[in-house]
Amino acid sequence: MTWLSATLLLFLVMDPLGNVPFFLAALGRVAEHRRQRVIIRELLIALAVLVVFLFLGRYIMQVLGLTQPALGVAGGVVLLVIALRMVFPSREHPLEEAVDAEPFIVPLAIPYVAGPSTIATVLLLMSREPTRWPEWLAALFVAWLVGAVILLGGSFLHRMLGARGLVAMERLMGLILVTVGVQMLLDGVAGFLASHGA
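Basis of the calculations
- Residues numbered from 1 in each chain as written.
- Predicted model: local features only at pLDDT ≥ 70, side-chain atom pairs only at ≥ 80, totals over all residues.
- Heavy atoms only, no water.
- Bend = angle between axes of the 7 residues up to and from the residue.
- Helix = DSSP H or I, 4+ residues; strand = E, 2+ residues; numbered from the N terminus.
- Buried < 20%, exposed > 50% of the residue type's maximum accessible area, 1.4 Å probe, protein only.
- Phe/Tyr/Trp six-rings, centres within 6.5 Å; stacked < 30°, edge-to-face > 60°.
- Axes fitted to C-alpha atoms, helices over the stretch in contact; angles between N-to-C directions.
- Parallel < 35°, antiparallel > 145°, perpendicular 65-115°, else oblique.
- Left-handed = near helix turned anticlockwise from the far one by under 90°.
- Contact = heavy atoms within 4.5 Å.
- Nonpolar A, V, L, I, M, F, W, Y, C, P; charged D, E, K, R; others polar.
- Salt bridge = Lys/Arg side-chain N within 4 Å of Asp/Glu carboxyl O.

Undergrad: In this structure, what is going on with helix α3 (residues 32-64)? I would like to understand it.
TA: Each α-helix winds once per 3.6 residues, and so residues spaced three or four apart point in a common direction. Along α3, the sharpest kink reaches roughly 55°, centred on L56. All of the buried residues in α3 are V38, I39, E42, L43, A46, L47, V49, L50, L54, G57 and M61. G65 occupies a position one or two residues after α3 and carries a positive phi of about 75°.

Below, the structure is given as structure tokens:
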């Protein structure tokens, strides 16, 4: 995987466009003058979590006895489930989480930005080619930075695109993520079969 494809993949799994309505809803009870500050704080927490998993994730995998094919299959399944919920949202099981006060860590940082699919992706990148960690770190930072700009401008995007426009963008990204999830799943299965001489 090239640096550019890793950056695009991380941007897609972070899904900042799809997260705009969730951020706006979660910040509904936060004073307007504090919203940007809260978003920046949550974005920095999410970045810190992802960097920790980028560098320590493979050691956690070793302790737990997890293999790269298992991670690929798990990441593919998680990504598929999330992508399908983006394409076919359910009223019974919405992606949005209820927030009663000012959000802290949950749900903005985790799971909206540093969600299971994003964590699985950084783990997979690092476990495949750990020597390329500077590229993966740069890809993570660029994807996070672009997503941060989108989320900080969420109110403007919501006014410009409207609710339907944002939904259309989210479903388009969901369709792309479905194919990425299938590819991760197939790569995981192929890696398992190869490691077992099948």
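Once the structure has been displayed, the description carries forward.
Undergrad: Any chance you could explain the packing of aromatic side chains here in plain terms?
TA: Any aromatic ring pair is given by two values, namely how distant the centres are and how the planes are angled relative to each other. The full count for this structure, using the stated rule, is four aromatic pairs. Between F23 and Y112, the aromatic rings sit 6.2 Å apart at their centres with planes inclined by 40°, giving tilted as the arrangement. Of this pair, F23 sits in helix α2 (residues 16-26) while Y112 sits in helix α5 (residues 108-113), and the two are 89 residues apart along the sequence. Taken individually, F23 and Y112 each receive the classification buried, so the pair is uniform in this respect. Site record: aromatic cluster; members linked through ring pairs are F22, F23 and Y112.

Undergrad: Teacher, can you tell me more about the packing of helix α4 (residues 68-87) against helix α6 (residues 116-128) here?
TA: Packed helices, taken two at a time, are described by their axes: the angle between them and the distance between them. Contact geometry of α4 with α6 gives a least axis separation of 9 Å together with a crossing angle of 155°. Relative to α6, the element α4 is oriented roughly antiparallel. Where α4 crosses over α6, the two elements pack in a sense that is left-handed. Contacts between α4 and α6 involve Q68, L71, G72, G75, V78, L79 and I82 from the former and P116, S117, A120, L123, L124, S127 and R128 from the latter. Looking at the contact of α4 with α6, its residues break down into eight nonpolar, five polar and one charged.

Undergrad: I tried to follow the environment of G75 on my own but got confused; where do I start?
TA: Note that G75 resides in helix α4. A relative accessible area of 2% places G75 in the buried class. In this structure the C-alpha to C-alpha distance between G75 and V87, which are twelve residues apart in sequence, comes to 18 Å. Residues in contact with G75, not counting those within four places in the same chain, are A120 and M184.

Undergrad: Even after reading the chapter, I still don't get the pattern of salt bridges, so can you show me in this structure?
TA: Here the idea is simple: oppositely charged side chains can pair when their charged atoms come close. This structure, assessed with the given rule, holds six salt bridges. E42 is the salt-bridge partner of R41, the closest N and O atoms lying 2.9 Å from each other. Residue classification places E42 among the buried residues on the basis of a relative accessible area of 1%. For R128, the salt bridge is made with D187, and the minimal N-O distance between the two is 3.6 Å. Pair noted here: R128 is in helix α6 and D187 is in helix α8 (residues 154-195), with a separation of 59 residues, a long-range link. By relative accessible area, which is 34% here, R128 ends up partly exposed. The class of D187 is partly exposed, set by a relative accessible area of 32%.

So, to be careful, I would describe these as geometric facts and stop short of saying anything about function.
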